[in-house]
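A structural walkthrough
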Amino acid sequence: MSRQVCAIIGAGDGLGQSLARKFAANGFDIALMSRSETGSAAAHAAAREAAPDAVVEFYKVDAMQPETVEQGLRAAASAIGPIDVLIYNVRGGMNAKPPLDMTYQEMRDIYEIEVVGAHAAARAVMPAMIERRAGTVIYSSATAALRGSGTNPLYAIGKFGLRALAQSLAKAYARDGVHVVHVRLDCALDVPLVRQYYGDKIKPEQMSNTDDVAESYLWVHRQPRSAWSNEIEIRPYTEEWTF
């Protein structure tokens with residue numbers, strides 16, 4: 001039985017690594033995409049270890065340059081096979097400031113990485129999915145997609161746009177067999193950057209384990225067509241709900 005193909009844009013050493021491991025272990029060949037091969041080294045090793053027989057390839061893309069996203073995904077489809085699952089696991093920086101202090105360039109940048117890059121990824125894979133009447137597109141997002149912020153408006157603006165894109169794609173193309181999902185991560189992920197930030201104050205039970213989150217991504221891909229989710233939220237059992 002041939003393996004399906006999962007492409008992960010933003011395949012770093014946190015959730016990206018867990019996604020690569022989970023999908024490789026469950027019958028997928030893996031296309032890893034990020035700005036540098038070094039940045040995806042942990043994800044590459046995890047996928048290889050989980051499934052030694054899987055094809056695991058790296059493609060250099062930059063979500064700030066949408067043409068590279070399209071090129072990378074098309075190259076992966078040509079070399080490995082049609083993309084069955086696309087995961088856009090990219091986010092802009094947490095650049096805290098009041099709304100009136102945002103610069104025009106900062107607003108352009110957050111729109112590029114959160115919305116234009118996500119759209120480029122969809123444009124690259126969804127026409128073939130529509131033709132096959134099968135495929136899943138998953139966008140990693142946050143609760144910021146549901147509320148503005150007086151202290152971190154750039155992040156909220158970007159995620160608002162990403163959620164609107166995901167809903168629009170789902171409403172337009174679900175009937176053609178493509179499952180589009182907006183995953184709202186209402187949590188702190190247990191990743192190296194977060195552990196470094198919290199230091200000795202870290203409480204693992206108050207964070208989401210990335211391997212567990214990856215399990216939910218695989219689950220949503222496997223949902224039957226008569227019961228698809230467009231919006232799911234993930235949080236640890238200890239989370240004080242922020243929305």
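Above this text you will find the structure in question.
Here is a short report on the structure shown in this document.

Calculation rules
- Residues numbered from 1 in each chain as written.
- Predicted model: local features only at pLDDT ≥ 70, side-chain atom pairs only at ≥ 80, totals over all residues.
- Heavy atoms only, no water.
- Helix = DSSP H or I, 4+ residues; strand = E, 2+ residues; numbered from the N terminus.
- Polar contact = N/O pair within 3.5 Å; in protein donor to acceptor, adjacent residues only side chain to side chain.
- Phe/Tyr/Trp six-rings, centres within 6.5 Å; stacked < 30°, edge-to-face > 60°.
- Buried < 20%, exposed > 50% of the residue type's maximum accessible area, 1.4 Å probe, protein only.
- Pairing = 2+ DSSP bridges.
- Axes fitted to C-alpha atoms, helices over the stretch in contact; angles between N-to-C directions.
- Contact = heavy atoms within 4.5 Å.
- Core = buried A, V, L, I, M, F, W, Y, C linked by side-chain atoms within 4.5 Å.

Observations regarding the environment of R222
Within the fold, R222 resides in the loop between α7 (210-221) and β7 (231-234). Polar contacts involving the side chain of R222 include one to the side chain of N26, which spans 3.2 Å.

Looking at the packing of aromatic side chains
In this structure the tally under the stated criterion is 2 aromatic pairs. Measuring from centroid to centroid gives 5.1 Å for F23 and F28, while their planes differ by 75°, and the two rings are edge-to-face. In this structure F28 comes out as buried when scored by relative accessible area, which is 2%. Note on Y88 and Y139: the rings are 6.0 Å apart at their centroids and 70° apart in plane angle, and the pair reads as edge-to-face. Of this pair, Y88 sits in strand β4 (residues 85-88) while Y139 is found in strand β5 (residues 135-142), placing the two residues 51 residues apart along the sequence. The two residues Y88 and Y139 agree in class, both being buried.

What to know about helix α1 (residues 15-25)
Working note: α-helix, 3.6 residues per turn, so residues spaced by three or four point in the same direction. With respect to burial, α1 is a largely interior element, 8 of its 11 residues being buried. Those residues of α1 that fall on the buried side of the exposure criterion are L15, G16, Q17, S18, L19, A20, F23 and A24.

Notes on the sheet that holds strand β6 (residues 178-185)
In spatial order, the strands read β3-β2-β1-β4-β5-β6-β7; together these 7 strands make up an open sheet with parallel pairing. Strands at the two margins of the open sheet, each flanked by one partner only, are β3 (56-60) and β7. Averaged over all neighbouring strand pairs, the angle between strand axes comes to 20°, with direction disregarded. Of the pairings in the sheet, the one linking strand β1 (residues 4-9) to strand β2 (residues 28-34) comprises 6 bridges and is parallel in character. Bridged to C6 within β2 is I30. Packing of helix α5 (residues 153-173) onto the sheet brings it into contact with β5, β6 and β7, and relative to β5 it is tilted by some 160°.

Digging into the nonpolar core
Counting 37 residues, the largest nonpolar core has I9, L73 and Y139 as its most contacted members. Those elements that place two or more of their residues in this core are β1, β2, α3 (66-79), β4, α4 (104-132), β5, α5 and β6. It is α4 that provides the largest number of residues to this core, a total of 10 residues. For Y139, the contacting residues outside a window of four places in its chain are Y88, A118, A122, L162, L165, A166, L169, V180, V181, H182 and V183. Of all hydrophobic cores here, the second largest spans 35 residues; its members include F23, A24, L218 and I232.

Regarding the side chain of R235
Turning to its location among the elements, R235 is positioned in the segment after β7. Residue R235 is classed as buried on the basis of its relative accessible area of 16%. A polar side-chain atom of R235 sits 2.8 Å from a polar atom in the side chain of D186. At 3.0 Å, the side chain of R235 forms a polar contact with the side chain of E233.

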